[in-house]
Structure formats: C-alpha cells, structure tokens
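Single-letter residue listing:
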Amino acid sequence: AVKDSIVRRLEQAKQWGADCVILDIESYGGYVHSSLETGDELYDFGRTIHTIAYVERKAISGAAMMALTCREIVMNEVALLGDSQVIFQTAEGPQIAPEKFQTTVAAKFRSYAKGNGYPPEVAEAMVRAEMEVVRYRRPLDRDDPSQGYEWVYVRADEGGSPPTEWDIQEWGWIDKTLVVPKGQLGTFTAEEAQDFGLCSRVQPSLDALISTLSDADTEVVNLDWTWSEKTSRWLIGIRFL
C-alpha cells in the first residue's frame with residue numbers, strides 16, 4: 001500500500017512536468033520490506049527527475065534509506081541521519097535481525113549511495129555496526145599537489161581492505177580521519193553528514209529550501225496522503241512537494 005501510494009504521487013509529478021520532487025522526511029523508519037520496495041521506486045524515479053530529501057529532525061532506519069534514494073539530501077542543522085541496523089520485534093523485545101536481512105539492506109544502502117554520489121562505505125556503516133570507516137585526502141595528481149585533492153573513504157576493519165603503509169606513502173594519502181568507529185552504527189548530525197559527503201547543504205526549514213529552488217513563476221504543489229493512505233502508512237511524516 002505504501003509503495004502504491006508513493007508511485008501514485010510520483011506519476012502525478014511526472015504528468016505535471018515537475019522539475020524537482022522534495023520528500024519531507026520525519027521518521028524513525030518502518031518495516032524492511034516496505035523500505036526496500038519503496039526505495040527502488042524512488043531511486044528509479046530520481047534517474048529522470050531531480051529528487052531531494054529534506055530532513056528537519058530525523059531520518060532513522062528505513063527513513064535514512066529513503067533519503068539515500070534521493071539525488072540530494074538537505075538537512076536542518078539539528079537533524080540526524082542513520083542508525084539503520086535491521087531490528088526485529090520479538091516477545092523478548094527488539095533483536096538484531098539475522099545476517100541474511102542485514103546483507104540485503106546493506107547492499108541496497110551501497111547501491112543507492114553509489115548511484116547518487118554518496119560514499120558507499122559511509123552509507124553501509126549505518127547498517128553494520130562491525131564496520132570501521134576512515135577517510136583520507138588523496139591528491140588528484142601525486143606529483144603535483146597543487147592540482148587539488150579528493151576524499152577517499154575506506155573500510156578499515158578486518159572485513160575491509162584498508163590501505164597499507166606503502167599505499168599511503170606511494171599515493172600521498174594524508175589527513176586520516178575516523179568517520180565511523182567500529183562497534184557503532186553510522187548516525188550523523190547535519191554538520192557531520194555534510195562533511196562526509198551525504199548532505200549537500202543545511203536549510204532551517206522546508207520553506208527555506210523551496211525558496212532557494214523557486215522564483216515568482218514557480219508552481220509548488222503539495223502531494224499529500226489520501227485519507228485511506230494515512231490509515232496504512234508506515235513512514236510517518238513523509239510527504240511530497
């Protein structure tokens with residue numbers, strides 16, 4: 001039902017000739033299967049029409065996945081993004097889901113991140129607490145540092161392939177920074193998300209974001225939930241503009 005609701009509104013936006021669709025996300029997430037189904041629809045839509053996720057306070061768990069499906073993530077300065085390990089509710093309380101489920105969700109996080117230009121290692125660390133992610137600054141031309149640098153994100157725990165000392169010296173990697181420590185799920189403030197290549201910019205409100213994208217002749221349409229959709233939605237607070 002959630003996927004159908006979102007597809008309906010995406011189709012409306014396409015028929016109206018929208019140049020951009022904004023997802024206003026405010027959620028602790030929801031069911032895994034709904035996240036996966038909906039995420040693919042949003043990601044595919046973003047190949048033809050620019051999509052922006054606006055996070056005013058929180059995009060946690062499945063909501064973080066929805067944000068990553070968008071071509072751009074914009075956050076309020078107090079917002080949080082991440083903490084997406086798959087959890088099952090049992091009679092004994094919440095339990096970490098088996099590896100089978102973690103693997104599937106982690107693969108989606110990597111795929112969405114790579115397709116939208118976010119660091120895949122940083123995105124996957126939202127799902128996997130065993131990951132340690134570090135960042136290096138690498139010169140675009142190792143023989144001429146004046147040409148500038150790029151950031152390189154590396155999985156540094158035993159499950160990854162951290163660079164050797166020879167690699168670091170040979171290619172001139174410098175300024176090693178710990179992005180996500182092992183044993184913690186990647187959860188980022190707006191400032192951190194911007195620093196680590198997830199958030200493109202910080203805006204104080206949805207209206208402020210819209211004002212940067214539109215002019216006097218721009219038509220802004222709110223594609224809200226129908227009554228029946230409100231009764232069954234899993235991702236509380238998501239709406240389309």
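Given the structure is predicted, the values throughout are model-derived calculations rather than measurements. (Residues numbered from 1 in each chain as written. Predicted model: local features only at pLDDT ≥ 70, side-chain atom pairs only at ≥ 80, totals over all residues. Heavy atoms only, no water.)

Attention now moves to the nonpolar core. Of all hydrophobic cores here, the largest spans 49 residues; its most connected members are Leu 68, Met 75, Leu 81, Phe 188 and Leu 198. For Met 75, the contacting residues outside a window of four places in its chain are Tyr 54, Val 55, Leu 80, Leu 81, Phe 188, Thr 189, Ala 190, Ala 193, Cys 199, Arg 201, Val 202 and Gln 203. By size, the runner-up hydrophobic cluster in this structure holds seven residues, among which are Ile 52, Tyr 54, Val 74 and Leu 209. (Core = buried A, V, L, I, M, F, W, Y, C linked by side-chain atoms within 4.5 Å. Buried < 20%, exposed > 50% of the residue type's maximum accessible area, 1.4 Å probe, protein only. Contact = heavy atoms within 4.5 Å.)

With that settled, the discussion passes to the pairing of strand β5 (residues 87-90). Looking at chain direction, β5 and strand β6 (residues 93-96) are connected through four bridges and run antiparallel. By the bridge assignment, Gln 89 is partnered in β6 with Pro 94. The hairpin turn running from β5 into β6, its antiparallel successor, is two residues long. (Pairing = 2+ DSSP bridges. Helix = DSSP H or I, 4+ residues; strand = E, 2+ residues; numbered from the N terminus.)

Within the chain, residue pLDDT values average 87, and 90% of them lie at 70 or more. Long-range and interchain partners of residues 227-241, a stretch whose pLDDT sits below 50, account for 55 contacts in this model, where long-range means more than four residues apart. (pLDDT = per-residue confidence, 0-100.)

Running from N to C, helix α2 (residues 32-45) and helix α4 (residues 99-116) point in directions that differ by 20°, and their axes come no closer than 11 Å. Taken together, the axes of α2 and α4 are roughly parallel relative to one another. For the pair α2 and α4, the crossing hand works out as left-handed. Across from Val 32, Leu 36, Gly 39, Asp 40 and Tyr 43 in α2, the residues of α4 making contact are Thr 104, Val 105, Lys 108, Ser 111, Tyr 112, Gly 115 and Asn 116. (Axes fitted to C-alpha atoms, helices over the stretch in contact; angles between N-to-C directions. Parallel < 35°, antiparallel > 145°, perpendicular 65-115°, else oblique. Left-handed = near helix turned anticlockwise from the far one by under 90°.)

This part takes up the pairing of strand β7 (residues 133-139). Among the seven residues in β7, five count as buried, and that is most of the element. Where β7 lies against strand β8 (residues 149-155), seven bridges are found, and the strand directions are antiparallel. Within the sheet, the bridge partner assigned to Pro 139 lies in β8 and is Tyr 149. Looking at chain direction, β7 and strand β9 (residues 174-180) are connected through four bridges and run antiparallel.

What follows concerns the sheet that holds β9. The three strands lie next to each other as β8-β7-β9, forming an open sheet whose pairing is antiparallel. Both outer strands of the open sheet, β8 and β9, are each paired with one neighbouring strand and no more. Pairwise comparison of adjacent strand axes, ignoring direction, gives a mean angle of 30° for this sheet.

A separate point is the packing of aromatic side chains. Per the stated rule, a full pass over the model turns up four aromatic pairs. Their ring planes at 70° and their centres at 5.0 Å tell us that Phe 88 and Phe 101 sit as a pair that is edge-to-face. A residue pair is termed long-range when its members are at least 10 positions apart, and Phe 88 in strand β5 and Phe 101 in helix α4 qualify at 13 residues. With relative accessibility at 32%, the residue Phe 88 sits in the partly exposed group. The aromatic ring of Tyr 43 is capped on one face by Arg 47, whose charged end is 3.8 Å from the ring centroid. Positioned above the aromatic ring of Trp 171 is the side chain of Arg 142, whose terminal nitrogen or guanidinium carbon lies 4.6 Å from the ring centre. (Phe/Tyr/Trp six-rings, centres within 6.5 Å; stacked < 30°, edge-to-face > 60°. Lys NZ or Arg CZ within 6 Å of the ring centre and 35° of its normal.)

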